[in-house]
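# Working through the structure, step by step
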Amino acid sequence: VTGVQTCALPIWTCMTGILMRILSSYGQVRPEMADGCPEKIDFEFFHYVWTYRKRQRPKLLEYFEGLRPDQTFVCFTERAQADRYLANLAPAGSC
């Protein structure tokens, strides 16, 4: 591993994204989902996202402190930052 990328988006950005995804594809199987797993309202997932910063993020940040000097850690606080980062990684002419 030469780099680690993570997102620290505001909770309302995450929750809005989840709700918009549910509204746009409820009952349908999205291409990135396993066959036979239609979009649904998943309260356990809502809870995970809502409590992520308090419960999970500190554990991940502690783990990332152990990266080697040749490894990088990038944290995005806006979706546009991640989009720009990924666009710069993609070779010219690729999808």
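Everything numeric in this text was worked out from a predicted model, so none of it was measured.

Rules used throughout
Residues numbered from 1 in each chain as written. Predicted model: local features only at pLDDT ≥ 70, side-chain atom pairs only at ≥ 80, totals over all residues. Heavy atoms only, no water. Helix = DSSP H or I, 4+ residues; strand = E, 2+ residues; numbered from the N terminus. Rg over C-alpha atoms; globule rule 2.2 N^0.38 Å. Buried < 20%, exposed > 50% of the residue type's maximum accessible area, 1.4 Å probe, protein only. Contact = heavy atoms within 4.5 Å. Areas by Shrake-Rupley, 256 points an atom, 1.4 Å probe, with all protein chains shown as cover. pLDDT = per-residue confidence, 0-100. Pairing = 2+ DSSP bridges. Core = buried A, V, L, I, M, F, W, Y, C linked by side-chain atoms within 4.5 Å. Expected span 1.5 Å × (residues − 1). Arc of directions from axis to C-beta. Axes fitted to C-alpha atoms, helices over the stretch in contact; angles between N-to-C directions. Parallel < 35°, antiparallel > 145°, perpendicular 65-115°, else oblique. Left-handed = near helix turned anticlockwise from the far one by under 90°. Nonpolar A, V, L, I, M, F, W, Y, C, P; charged D, E, K, R; others polar.

Turning next to the overall build of the protein. The number of helices and strands found in the protein is four helices and two strands. Over its C-alpha trace the protein gives a radius of gyration of 16 Å, far above what one expects of a compact globule, namely 12 Å for 95 residues. A principal-axis box enclosing the C-alpha atoms of the protein has dimensions of 45 × 40 × 25 Å. Relative to its 95 residues, the protein shows a buried fraction of 20%. A fraction of 62% describes how many contacts in the protein between residues 6 or more apart in sequence connect residues 24 or more apart. Only carbon and sulfur atoms are counted for the fraction: they give 60% of the accessible area of the protein, which is about 7500 Å².

Bringing the confidence of the model for the protein into the picture now. When pLDDT is averaged across the protein, the result is 88; 94% of the residues are at 70 or more. Predicted confidence in the protein is weakest over strand β1 (residues 3–7), with a mean pLDDT of 84, and strongest over helix α2 (residues 43–55), with 94.

Along any regular strand, the residues point their side chains to alternate faces of the sheet. Residues Val-4 and Thr-6 line the buried face of β1, whereas the alternating positions Gly-3, Gln-5 and Cys-7 sit on a face that is not buried. Note: β1 against strand β2 (residues 72–76), five bridges, orientation parallel. Looking at the pairing, Gly-3 lines up with Thr-72 of β2.

Generally speaking, soluble globular proteins have nonpolar side chains that are buried together. Core analysis: the biggest nonpolar cluster contains five residues, these being Met-15, Ile-18, Ile-22, Phe-46 and Val-49. If you list the elements that add at least two residues to this core, you get α1 (11–25) and α2. When residues of this core are assigned to their parent elements, the largest contribution, three residues, is made by α1. In this structure Val-49 touches Ile-11, Cys-14, Met-15 and Ile-18, once residues within four positions along its chain are discounted.

A word on α1. For α1, spanning 15 residues, the distance from its first C-alpha to its last is 21 Å, which sits close to the expected 21 Å at 1.5 Å a residue. Turning to α1, its buried residues are Met-15, Ile-18, Ile-22 and Ser-25. The buried residues of α1 occupy one face: seen down the axis, they fall within an arc of 125°. The exposed set on the far side of α1, more than 90 degrees from its buried face, consists of Trp-12, Met-20, Leu-23 and Ser-24. Where α1 terminates, the next one or two residues include Gly-27, which has phi positive at roughly 85°.

Axes are the key here: two packed helices are described by the angle between their axes and the distance separating the axes. It is at 9 Å that the axes of α1 and α2 come closest, and there the two elements cross at 160°. With respect to α2, the axis of α1 lies roughly antiparallel. For the pair α1 and α2, the crossing hand works out as right-handed. Touching Ile-11, Trp-12, Cys-14, Met-15, Ile-18, Leu-19, Arg-21 and Ile-22 of α1 are Phe-45, Phe-46, Val-49 and Trp-50, all from α2. When grouped by side-chain class, the residues that make up the contact of α1 with α2 number eleven nonpolar, no polar and one charged.

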